[in-house]
Amino acid sequence: MGFTKASIIAGALSALVATPILAQQSERPRMSKECREEVRALCASDGERDRAKRRACVREKKDSLSERCAAEINKRMQNRRTKKGSESGPN
């Protein structure tokens, strides 16, 4: 029985931790598949998965993206700036 109680407690704790993380991810819509593939082709050399390096690459090579993908990325960047500004509160 002790094992069952421990399993239930571990499962409940996992759910409590995962819920806010999943909620945050659902607030942010994913980039379209076409745009993700375009960015990956342009900036994901050698399987690079470092998000900071990929973002820097996208900023640097933004003019090489299709109009549609560039617009999508610009909108995401603007939303990100707006969200960061609202989280920092008044100075």
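Definitions and limits used
Residues numbered from 1 in each chain as written. Predicted model: local features only at pLDDT ≥ 70, side-chain atom pairs only at ≥ 80, totals over all residues. Heavy atoms only, no water. Core = buried A, V, L, I, M, F, W, Y, C linked by side-chain atoms within 4.5 Å. Buried < 20%, exposed > 50% of the residue type's maximum accessible area, 1.4 Å probe, protein only. Helix = DSSP H or I, 4+ residues; strand = E, 2+ residues; numbered from the N terminus. Contact = heavy atoms within 4.5 Å. Disulfide = S-S within 2.5 Å. Arc of directions from axis to C-beta. Axes fitted to C-alpha atoms, helices over the stretch in contact; angles between N-to-C directions. Parallel < 35°, antiparallel > 145°, perpendicular 65-115°, else oblique. Nonpolar A, V, L, I, M, F, W, Y, C, P; charged D, E, K, R; others polar.

Chemist: Quick question: what am I supposed to make of the nonpolar core here?
Modeler: The nonpolar side chains of a soluble globular protein tend to be buried with one another. Judged by nonpolar contacts, M31, C35, V39, C43, C57, V58, L65, C69, A70 and I73 together constitute the single largest core of 10 residues. Those elements that provide at least two residues to this core are α2 (33-43), α3 (51-60) and α4 (67-88). Every residue in contact with A70, bar those within four places of it in the chain, is listed here: K62 and L65.

Chemist: Is there a simple way to think about the state of the cysteines in this case?
Modeler: Here a disulfide denotes one covalent bond, and it connects the sulfur atoms of two cysteines. On inspection of all chains with the given rule, the structure shows two disulfides. Here C35 is linked by a disulfide to C69, with a sulfur-sulfur distance of 1.9 Å. Between C35 and C69, the disulfide has an S-S torsion of 65° and is therefore right-handed. Of the two residues, C35 sits in helix α2 while C69 sits in helix α4, which places them 34 residues apart along the sequence. C69 carries the same exposure label as C35, and that label is buried.

Chemist: I tried to follow α2 on my own but got confused; where do I start?
Modeler: Owing to its 3.6 residues per turn, the α-helix brings residues three or four apart onto one side. All of the buried residues in α2 are C35, V39 and C43. End-on view of α2: buried residues confined to an arc of 40°, all on one side of the axis. For α2, exposure combined with an orientation more than 90 degrees from the buried face picks out K33, E34, R40 and A41.

Chemist: Looking at this structure, I do not really get the packing of α2 against α3. What am I missing?
Modeler: When two helices pack together, you describe them by how their axes are tilted relative to each other and by the distance separating the axes. In the contact formed by α2 and α3, the axes pass within 10 Å of each other and the chain directions differ by 95°. Judged on the interaxial angle alone, α3 and α2 are roughly perpendicular. Side by side, α2 and α3 meet where V39, L42 and C43 of the first sit next to R54, C57 and V58 of the second. A per-class count over the contact of α2 with α3 returns five nonpolar, no polar and one charged.

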